[in-house]
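The lines below spell out each chain.
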Amino acid sequence: MKPQLGVCYYPEHWPEAQWPDDAARMVETGLEWVRIGEFAWSRLEPNEGDLRWEWLDRAVEVLGAAGLKVVMGTPTATPPRWVCEKHPDMFALDANGHVRGFGSRRHYCFSHEGYCAEAVRITRLTAERYGRNPHIAAWQTDNEYGCHDTVISYSDAACTAFRIWLEQRYGNIGALNDAWGNVFWSMEYRHFGEVFLPNLTVTEPNPSHVLDFQRFSSDQVVQFNRAQAEVLRELTDAPLIHNYMGRTLEFDHFKVGDDLDVASWDSYPLGFLEDRSDQPEAFKQQFARQGDPDFQAFHHDIYRAVGKGRWWVMEQQPGPVNWAPHNPDPLPGMARLWAWEAFAHGAEAVLYFRWRQAPMAQEQMHSGLLRPDSVAAPALGEAAQVAAEAAHLDLADTGAPVALVFDYESAWAWNAQPQGAEFDYFRLVFDFYKALRKLGLSIDIVPPSCTDLSPWQMVVIPGLLHWGALKSALEAYEGVVVAGPRTASKTADMQIPIPMGPNMPGVDATVARVESLRPDMPIMLDQGGTFQFWREVVEGRSLEDARDGHPARVGTARRQYLAGWPDERALHRILADACDEASLPTLDLPEGLRVRDIGAWRFAINYANRAWKLSKHIEGAPSGRIAPADVSWWLK
Amino acid sequence: MKPQLGVCYYPEHWPEAQWPDDAARMVETGLEWVRIGEFAWSRLEPNEGDLRWEWLDRAVEVLGAAGLKVVMGTPTATPPRWVCEKHPDMFALDANGHVRGFGSRRHYCFSHEGYCAEAVRITRLTAERYGRNPHIAAWQTDNEYGCHDTVISYSDAACTAFRIWLEQRYGNIGALNDAWGNVFWSMEYRHFGEVFLPNLTVTEPNPSHVLDFQRFSSDQVVQFNRAQAEVLRELTDAPLIHNYMGRTLEFDHFKVGDDLDVASWDSYPLGFLEDRSDQPEAFKQQFARQGDPDFQAFHHDIYRAVGKGRWWVMEQQPGPVNWAPHNPDPLPGMARLWAWEAFAHGAEAVLYFRWRQAPMAQEQMHSGLLRPDSVAAPALGEAAQVAAEAAHLDLADTGAPVALVFDYESAWAWNAQPQGAEFDYFRLVFDFYKALRKLGLSIDIVPPSCTDLSPWQMVVIPGLLHWGALKSALEAYEGVVVAGPRTASKTADMQIPIPMGPNMPGVDATVARVESLRPDMPIMLDQGGTFQFWREVVEGRSLEDARDGHPARVGTARRQYLAGWPDERALHRILADACDEASLPTLDLPEGLRVRDIGAWRFAINYANRAWKLSKHIEGAPSGRIAPADVSWWLK
Amino acid sequence: MKPQLGVCYYPEHWPEAQWPDDAARMVETGLEWVRIGEFAWSRLEPNEGDLRWEWLDRAVEVLGAAGLKVVMGTPTATPPRWVCEKHPDMFALDANGHVRGFGSRRHYCFSHEGYCAEAVRITRLTAERYGRNPHIAAWQTDNEYGCHDTVISYSDAACTAFRIWLEQRYGNIGALNDAWGNVFWSMEYRHFGEVFLPNLTVTEPNPSHVLDFQRFSSDQVVQFNRAQAEVLRELTDAPLIHNYMGRTLEFDHFKVGDDLDVASWDSYPLGFLEDRSDQPEAFKQQFARQGDPDFQAFHHDIYRAVGKGRWWVMEQQPGPVNWAPHNPDPLPGMARLWAWEAFAHGAEAVLYFRWRQAPMAQEQMHSGLLRPDSVAAPALGEAAQVAAEAAHLDLADTGAPVALVFDYESAWAWNAQPQGAEFDYFRLVFDFYKALRKLGLSIDIVPPSCTDLSPWQMVVIPGLLHWGALKSALEAYEGVVVAGPRTASKTADMQIPIPMGPNMPGVDATVARVESLRPDMPIMLDQGGTFQFWREVVEGRSLEDARDGHPARVGTARRQYLAGWPDERALHRILADACDEASLPTLDLPEGLRVRDIGAWRFAINYANRAWKLSKHIEGAPSGRIAPADVSWWLK
Ligand SMILES: [Zn+2]
Ligand SMILES: [Zn+2]
Ligand SMILES: [Zn+2]
């Protein structure tokens, strides 16, 4: 498949007379896709029932006639003021009970039936108008579910819906009381109508309560999206897409993805490094103009899994953004590099956000491919370069050798009960991902519902809440497995299982007790590195001890359980050894240099501020140096 | 008295079939006490008036028959959901006016008359059932008053009750206006109905208003507890106990204690070090597996005073807890050491919390003497060791040589008006306590209501709000006194007295002015060490000057006033000199090693990570080394 | 003009028998002014309509008869409880919707019509009583508008008034939608009644919305003050004054000042250094007892501009205050130094706050000229020294050579859209001010409405939102101009202008793009120093490049635009060079030493902890050393 480029465009922001020039310039740059419409509701329906399609008809025609394929967005992330007047209780409430009202975006509660009906209505109207339009080649539902912490709502609508959800899950209140262990602290309910949302409690609420509320909240997103997807399926044959957001874990992306054809995400490497990274300040400084070398790759791999192989970058940062604590310029070349990193992970398309920087409102400081005065911004030329380079390239992902299990429920569970201040599921899994990627490996993300692990030579399972379907898959699996810490330490109801975990196929071990560690009290390991933040006292055959005599790893060389959270050094060593065991060749990549294999191609991508001699670090690489922010690819 | 051990147990959490084994195993371990019932309301009365005593009857019988003495708790800290349905406004409100609702524990406002009546009702029913049961050897009222900041409530019920309380205190509104100085900023009231609670003000409220609200809130706790105590007195002859919580200062424990027979507290050394210590991070790292060497001792001494000599540890941490930012394992031996530290301070009993780690709900990560799968956790063996060691020991406290005055009102006053960000009454008093204890002294805590100081050779009075009853006691006292800083700098109404403080018997001195100091601007003292955080310019006979020429200490060698907050070095020196003056021998204990005398016995307790040669540091100690986490005792 | 001293006094706090002594002692100290009345409403009108002037009549008479000139304050900053009972919705709401109620001060919403009428009523009654009283020589309106963040209110009253204000500004809703760019995110309104306040939004609100709300909120303060001024004008000929607060930017002081005769401010050098300074901790430690050497001067210059030449210090810190995180004693001499710094900037009068430290209520720890027991505090003698020194001195400001533009709207705009965490308008302007002052310059602050810049040899314009009236002034100006960064980067509507900024007269340059920088990634400049926090890529003739090759300064030597936020070293160099260009002689003052010229006099003021040899650092200075906290002046 040839990599394709595109851009996000807001015809309603610009004079109609400018549209043809814009379209022509997009095509000239080598862009093939243009996304429109996702925030235009107030222009499509300025008053209830007063529909104004004509301008959008003309915009689609101008873009399509220029040769662009259009992604049409449903405008449901930004209901106009009149919708809010009609449904004054449609807003989410925060944990303190404060309204999250009109004036920006995503101002709706997923559980509000009135608003859900409005969303379906405008989706149907839009799809009726454009479902068969030949220029509309894909549809986007809503925009960035969960952005700005909008999955969880403590509204009355959510409370009502939660009770119904619980009744469907548990059937009778006794089952719920048992599952949550409500005999503890006399928290037992007599009927579902007595259950409230887990906010405004005196001290922490029951983690089982929190976990179920999180599951419910995720299901509300799935249902909201499905309602749009069902309408669209009736009226269009174009693929359906949602654009997910980085490190947004409050709903199960796999489940939303099951109702769509393509997964996409919005990739803002510099913004994300500044506003949602666990890395130390020195790291942030070092990569302030490049982004974390692994953060994008990790999400690319997640969304390849969510899209079952079909995925895009729907929004690609082109220059400084407006929303992080600091918003520096990318290094020259990064707008190109980021696109290639995506293509190297199998992206079908990468769309830059946005065509022209808007002079007004919240995002006026967010750069685009053009400046507000229509002069080219630096990213325009880089996009053109990518388009030229991609013109004759055919990339097809054929699967990676390593599977890394990623599970949204585990994120919710450990968030409900971290037990140590630093315990964060994303951070834990990302540490493992980073370590694998520094070893030069290409990685597939696998959901916990996976029932066949045979495609992979190695499977890595950090911090999984409970085995679920994976247990029988593991029983049948013959490859190398690295699991833990904390993996399978709970039941699905968020209780401690008896027998106690991990109950891991092929590993005869029991976690006797656990402790969370201050950052200043790491546990030294015999073979180098430490456990940080978290350690477990495990009974079982030791593969390696900690300096204090407790086993650090138990099981066998091909199937091991880690009794703690390894630091970077320990993780590198442990995973390198596991790769040896799995006969997986590894590299020892220098700072900022990364590799990704796709089909017969190998990509080298340099996030460092300095050049590297490629062939010194990557066997089989072409001779010569790779400059900062540069990309190189060759046939393996 | 022989030290006794026990444990907290929740029969309602476990199958009835398991009770006999549990009871037998407790006895086998050497435990004599078992506390039950304090969170069981939803099982005792699942619906209003629907009482289910039978299971508890059987549990008491099983435990009692095994030879255990039972502490029965009133279940009022966790009203079931139906109680909250019946009294929908029974919850406390936080300072922002948000409800602190159902879903965890302590979800009630002490001023809500409806809930108070429910609490008395269930207490009466429980006492009627078990008041004369031969296995019930003590009663606990409620559980951890004030835990999770639950003393203060900004509810309507609290406002109404506060107005009545004020009217009783002041009689007429003019007296209140005078006492609070309400002419300032035109805050004068015309009648009591115009007074609101001191929250939601534009800038800080009147400290006199805050102090009275704090006094009122404390009195509400006293009254809530007294109502239960009165019912219990009618129906049982067993001693009444409450289990107080560490560093919980929002109500006057001495006043609650006046209605009870025994004081107890819940001692979680590692959790408290992590979540409520002022010590620097390096200290927390050093003692992360042992706890602060003085924190437990300080509370032991407080509760010996609150219980007028009779006190217990009702809950003793056995392993990692679940509620601190980090929850490490204790060093092997600490579960034994902590018990001995308590017995060395005169505890009648120490009960570990809890028997078996629960697999469900909020505290599922809180360790017990048993793991969730009933295998022994490390603390079980340590408890058995303590029981064996204690079997033939007879300990009786005969009083310490030093009195340290501790006053809840002072904590409230300085919290209402710290004047410097670091000024915290607990921290100040605890600094003095630590210094005394590092000098090898045993200490008695004394309330400000003390009228006879003659039992002590030395009295230390840091930061006392106003003299009150202590003034005439001091006038009659012939021992050494060290007071200040800030002592007696206010009237009981939280005004500056004229003549200005300290008006200290035997010390002719006036505090001309005060200043609070940034942590980076200590004031050097002539004889070593510094004043930190707080310093006063005092007119009086100087015993020592600061480097800037102002007196640092005034008065006489036997009666001195400190014009600042001494740092560790200065405090060590000043108190050592005062001990000399009082003919009190002192030690110079190395890091982590502590001493406590009880009757004819001297205990040495090693909180350090390293061993110490005992006789090198403690004259008269047996030869040999004391290992980390070890305890040694001998007859002086 | 001879510098005059005074003091703030609260006769209602003290027994009437003490007034004559107090008055005599004030006069004896050399004080000429006494401010009274501004918090006395509950004593003037304890119940509605129940007016009690007699005590205040007597107080005025006592003070006046002693020879003091009285400043009478309107008591509207502290409405009594009964006013709040009458107008229960008169309070401001915070951004979360919480009431900011009775119990301290400034508990009113500027938009509440009922309260505004009460304020006018009590002002009228007070002015009717004292408007022609011969002892009343000036009036103060209210007290410290905006203190405790009281300008902004999210009340219903504010929402209603905001809609009216918007309708007056925009005429029709389409104009508002265009000005705010509401097509973005479908934020368009159909009528003004659909607009709410910009709080409780899901993510950040539209910065144009925020800016207009800020303008509205400022106008409400202006209108509130004007209503009092109009009443006072009818009834008195004495000058009208308001006492502004340090670093309080939420309303336009220039506009409030337009309705008054004299500007004043409340100068608390130590409190402000602790609670509202951007300087690093080491700086705060160094000047903890002196205050920032430039903070007072900067405000003096602002208020000289606000008062169009007539200005006072209405409250001068005399010793420790009570409201900062730490409240140290000033160095001996500072109470004198601060007064002289003010006089050197042209102050007509400096009043110490307060006469005697109050023993009660919120400010009982705030020092005065007297201790609570009426003994002299250190500042009393220093005040007397100032009075003696000033007795035969005549100071008249004749204008400074440098103009620094300061604009409240710019503060609001960059607060609404900082784009980088450190971007703060006050901080930026103050950095320029500090650099100029370290060069020994005297500075005039100039509002953006200035239409004639010819009085100054150099004009400095950092971070101005948009040119406005200043553009034609600049076109006509022949002096040296230094502008930027960010200057004129927006339209008045908070949109990006086309053509893009700065559109600066005499500088042919365009800011192509901007970035905000982490504090750890400064941009090195070719000639020394760095850009921090903010940098711009500018197209234009480069005067100096950054090390990365982009221009750092563009334009000409006499008219330059700075493409970033210079650090201290760069700013010193750039402004020194600009002074050379403007033929302005500069000094290179050592740490803490400052100079201010007024008329023919030059003042040297030493904030350092050490002495300096004056003539070594200041050409023409008298020989000898200037001690810490000392002041020296001589005829140039
Ligand atoms: Zn029995
Ligand atoms: Zn709230
Ligand atoms: Zn007169």
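Since we're looking at a predicted model, the values are computed, not measured. (Residues numbered from 1 in each chain as written. Chains lettered and ligands numbered in written order. Predicted model: local features only at pLDDT ≥ 70, side-chain atom pairs only at ≥ 80, totals over all residues. Heavy atoms only, no water.)

Enquirer: Please clarify how the relation of the copies chain C and chain A should be interpreted in this entry.
Expert: Superposing the two chain copies requires a rotation about an axis and a translation along that axis. Superposing chain C onto chain A takes a rotation of 120 degrees plus a shift of 0.0 Å along the axis, which leaves an RMSD of 0.0 Å. Taken together, the turn and the small shift mark the pair as related by a three-fold rotation axis. With a heterologous cut-off of 20% or less, the 2% of interface residues of chain C that recur at the interface of chain A puts this contact in the heterologous class. (Least-squares fit on C-alpha atoms with pLDDT ≥ 70 in both. Contact = heavy atoms within 4.5 Å.)

Enquirer: Mind showing me how you'd approach helix α14 (residues 378–390) of chain A here?
Expert: What sets the pattern is the α-helix's 3.6 residues per turn: residues three or four places apart point alike. Residue and element names in this part refer to chain A. Here α14 is 13 residues long and its end C-alpha atoms lie 19 Å apart, about the 18 Å a rise of 1.5 Å per residue gives. Three or more residues of α14 are buried, namely Ala379, Leu380, Glu382, Ala383, Val386, Ala387 and Ala390. The buried residues of α14 occupy an angular sector of 165 degrees when the element is viewed end-on, so they sit on one face. Taken together, the buried residues of α14 touch β1 (4–8), α1 (19–29), α13 (334–344) and β10 (349–352). (Helix = DSSP H or I, 4+ residues; strand = E, 2+ residues; numbered from the N terminus. Expected span 1.5 Å × (residues − 1). Buried < 20%, exposed > 50% of the residue type's maximum accessible area, 1.4 Å probe, protein only. Arc of directions from axis to C-beta.)

Enquirer: Whenever I open this one, the coordination of the zinc ion (ligand 3) confuses me. Can you help?
Expert: Put simply, a metal with four donors set out as a tetrahedron has ideal angles of 109.5 degrees, and one with six donors set out as an octahedron has ideal angles of 90 or 180 degrees. Residue and element names in this part refer to chain C. Around the zinc ion (ligand 3), the protein contributes the donor atoms Glu61 (OE), Glu61 (OE) and His135 (NE2), which lie 1.9 to 2.5 Å from the metal centre. Placement of Glu61 in helix α3 (residues 54–65) and of His135 in the loop between α5 (113–130) and β6 (136–140) is noted, with a sequence separation of 74 residues between them. Relative accessible area serves as the criterion here: at 43%, Glu61 is assigned to the partly exposed category. (Donors = N, O, S within 2.8 Å, 3.2 Å for Na, K, Ca; no water.)

Enquirer: What exactly am I supposed to notice about the interface of chain C and chain A here?
Expert: Size of an interface, as often reported, equals the accessible area lost when the parts are brought together. In this assembly, 48 residues from chain C lie in contact with 55 residues from chain A. Taken together, the two surfaces of chain C and chain A that pack against each other cover about 4,500 Å², and 54% of this comes from carbon and sulfur. Broken down residue by residue, the surface that chain C buries against chain A is led by Trp185, Val202 and Arg518 of chain C, which jointly contribute 18%. Across the chain C-chain A interface, the total number found is six salt bridges. Arg43 of chain A is the partner of Glu188 of chain C in a salt bridge, and the nearest nitrogen-oxygen pair spans 2.6 Å. Inspection of the chain C/chain A interface yields 29 residue pairs in polar contact (both at pLDDT 80 or more). Top contributing element to the side of chain C that touches chain A by residue count: strand β15 (residues 509–516) of chain C, with six residues. Classifying every residue of the side of chain C that touches chain A gives 23 nonpolar, 13 polar and twelve charged. (Buried area = accessible area lost by both parts, 1.4 Å probe. Salt bridge = Lys/Arg side-chain N within 4 Å of Asp/Glu carboxyl O. Polar contact = N/O pair within 3.5 Å; in protein donor to acceptor, adjacent residues only side chain to side chain. Nonpolar A, V, L, I, M, F, W, Y, C, P; charged D, E, K, R; others polar.)

Enquirer: Sorry if this is basic, but what is going on with the interface of chain B and chain C here?
Expert: Contact residues are listed per partner, giving 48 residues for chain B and 55 residues for chain C. When chain B packs against chain C, close to 4,500 Å² is buried across both sides, 54% of that on carbon and sulfur atoms. By the criterion of area lost to chain C, the three top residues of chain B are Trp185, Val202 and Arg518 of chain B, representing 19% of everything that side buries. Applying the counting criterion to the chain B and chain C interface returns six salt bridges. For Arg518 of chain B, the salt bridge identified is with Glu281 of chain C, shortest N-O distance 2.7 Å. Where chain B packs against chain C, one counts 29 residue pairs in polar contact (both at pLDDT 80 or more). Breaking the side of chain B that touches chain C down by element, the ones donating at least two residues are β15 (509–516) and β17 (530–540) of chain B.

Enquirer: I'm lost on the environment of Asp178 of chain B in this one. Help?
Expert: With respect to the secondary-structure elements, Asp178 of chain B resides in helix α7 (residues 173–180). With 64 residues separating them in the primary sequence, Asp178 of chain B and Gly114 of chain B have C-alpha atoms 34 Å apart.

Enquirer: So what exactly am I meant to see when it comes to the sheet that holds strand β14 (residues 480–483) of chain B here?
Expert: The strands that make up a sheet pair up through hydrogen bonds in the backbone, lying either parallel or antiparallel. Residue and element names in this part refer to chain B. Spatially, the seven strands line up as an open sheet ordered β12-β11-β13-β14-β20-β19-β18, and their pairing is mixed. Each end of this open sheet is capped by a strand with a single partner; those strands are β12 (443–446) and β18 (542–545). For this sheet the average axis-to-axis angle between neighbouring strands, irrespective of direction, equals 20 degrees. Sheet topology places strand β11 (residues 402–405) next to strand β13 (residues 458–461); three bridges connect them, and they run parallel. When the bridges of β13 are listed, Ala403 appears paired with Val459. Set on the sheet, helix α16 (residues 425–438) makes contact with β11, β12, β13 and β20 (559–562); between it and β11 the angle comes to about 170 degrees. (Pairing = 2+ DSSP bridges. Axes fitted to C-alpha atoms, helices over the stretch in contact; angles between N-to-C directions.)

Enquirer: What exactly am I supposed to notice about the packing of aromatic side chains here?
Expert: Residues and elements named next belong to chain C. Using the criterion set out here, one finds 157 aromatic pairs over all chains in the structure. Ring centres of Tyr244 and Tyr303 lie 5.1 Å apart, and the angle between their planes is 15 degrees; on these two criteria the pair is classed as stacked. In this pair, Tyr244 is assigned in strand β7 (residues 240–245) and Tyr303 in helix α12 (residues 295–306), connecting sequence segments 59 residues apart. Relative accessible area serves as the criterion here: at 0%, Tyr244 is assigned to the buried category. Taking the ring centre of Phe423 as reference, the NZ or CZ of Arg486 above it sits at 4.5 Å. (Phe/Tyr/Trp six-rings, centres within 6.5 Å; stacked < 30°, edge-to-face > 60°. Lys NZ or Arg CZ within 6 Å of the ring centre and 35° of its normal.)

Enquirer: Help me out: how do you make sense of the packing of α16 of chain B against helix α18 (residues 568–581) of chain B in this one?
Expert: Geometrically, a packed helix pair is captured by the angle between its two axes and the distance between the axes. Residue and element names in this part refer to chain B. Contact pair α16 / α18: the axes reach a minimum separation of 9 Å and the direction vectors enclose 60 degrees. Classed by the angle they form, the pair α16 and α18 counts as oblique. In this structure, α16 meets α18 at a crossing whose hand is right-handed. Of α18, the residues touching α16 (which contributes Asp431, Phe432, Ala435, Leu436 and Lys438) are Glu568, Leu571 and Leu575. Of the residues assigned to the contact of α16 with α18, the class counts are five nonpolar, no polar and three charged. (Parallel < 35°, antiparallel > 145°, perpendicular 65-115°, else oblique. Left-handed = near helix turned anticlockwise from the far one by under 90°.)

Enquirer: Just checking my understanding: could you explain the relation of the copies chain B and chain C for this structure?
Expert: Rotating chain B by 120 degrees and moving it 0.0 Å along the rotation axis overlays it on chain C with an RMSD of 0.0 Å. The overlap is low: 2% of the interface residues of chain B also sit at the interface in chain C, so different surfaces are used on the two sides.

Enquirer: What is the right way to read the coordination of the zinc ion (ligand 2) from this model?
Expert: Listed as protein donors to the zinc ion (ligand 2) are His98 of chain A (NE2), His98 of chain B (NE2) and His98 of chain C (NE2); their distances from the metal cover 1.8 to 1.9 Å. Taken together, the residues span two chains, with His98 of chain A in the loop between β4 (92–93) and β5 (99–100) and His98 of chain C in the loop between β4 (92–93) and β5 (99–100).

Enquirer: How do you make sense of the UniProt feature "domain: Glycoside hydrolase family 42 N-terminal" (unreviewed entry) in chain A when you look at a structure like this?
Expert: Those residues carrying the UniProt feature "domain: Glycoside hydrolase family 42 N-terminal" (unreviewed entry) are residues 8–390 of chain A in this numbering. In the segment residues 8–390 of chain A, helix accounts for 41% and strand for 11%; the C-alpha atoms at its two ends are 20 Å apart. (UniProt positions renumbered as here; feature names shortened; annotations may be inferred.)

Enquirer: Just checking my understanding: could you explain the sheet that holds β7 of chain C for this structure?
Expert: Residues and elements named next belong to chain C. Ordered in space as β1-β2-β3-β6-β7-β8-β9-β10, the eight strands form a closed barrel in which the pairing is parallel. Recorded for the sheet is a direction-independent mean angle of 30 degrees between the axes of neighbouring strands. As judged from the five bridges shared by strand β8 (residues 262–267) and strand β9 (residues 311–316), these two strands associate in the parallel manner. Note on β9: the bridge partner recorded for Ala263 is Trp311. The sheet contacts of α3 involve β2 (33–36), β3 (69–73) and β6, and relative to β2 the element is tilted by about 170 degrees.

Enquirer: Any chance you could explain the UniProt feature "active site" (unreviewed entry) in chain A here in plain terms?
Expert: Residue and element names in this part refer to chain A. Per the UniProt annotation, the sites labelled "active site" (unreviewed entry) are Glu144 and Glu315. In summary, the annotated positions, though distributed over 172 residues, converge in three dimensions, the widest C-alpha pair being only 10.4 Å. Assignment of secondary structure puts Glu144 in the loop between β6 (136–140) and α6 (156–170). According to the relative accessible area criterion, Glu144 is buried, its value standing at 2%. Glu144 has contacts with Arg105, Arg106, His242, Asn243, Met245, Asp266 and Glu315, leaving out every residue within four places of it along the chain.

Enquirer: Would you take a moment to explain the pattern of salt bridges for this structure?
Expert: Enumeration over the complete set of coordinates arrives at 168 salt bridges over all chains. One salt bridge in this structure joins Arg129 of chain B and Asp57 of chain B, with 2.5 Å as the shortest N-O distance. Placement of the pair is Arg129 of chain B in helix α5 (residues 113–130) and Asp57 of chain B in helix α3 (residues 54–65), with a sequence separation of 72 residues. Since its relative accessible area comes to 37%, Arg129 of chain B is described here as partly exposed. On the basis of relative accessibility, which here comes to 24%, the residue Asp57 of chain B falls in the partly exposed class. With a closest N to O distance of 3.9 Å, Glu515 of chain C and Arg535 of chain C form a salt bridge. Of the two residues, Glu515 of chain C sits in strand β15 while Arg535 of chain C sits in strand β17 (residues 530–540), which places them 20 residues apart along the sequence. Given the relative accessible area of 3%, Glu515 of chain C is considered buried. Exposure remark for Arg535 of chain C: the relative accessible area of 2% places this residue in the buried category. Connected via shared salt-bridge partners are Asp292, Asp294, Glu341, Lys434, Arg437 and Arg594 of chain A.

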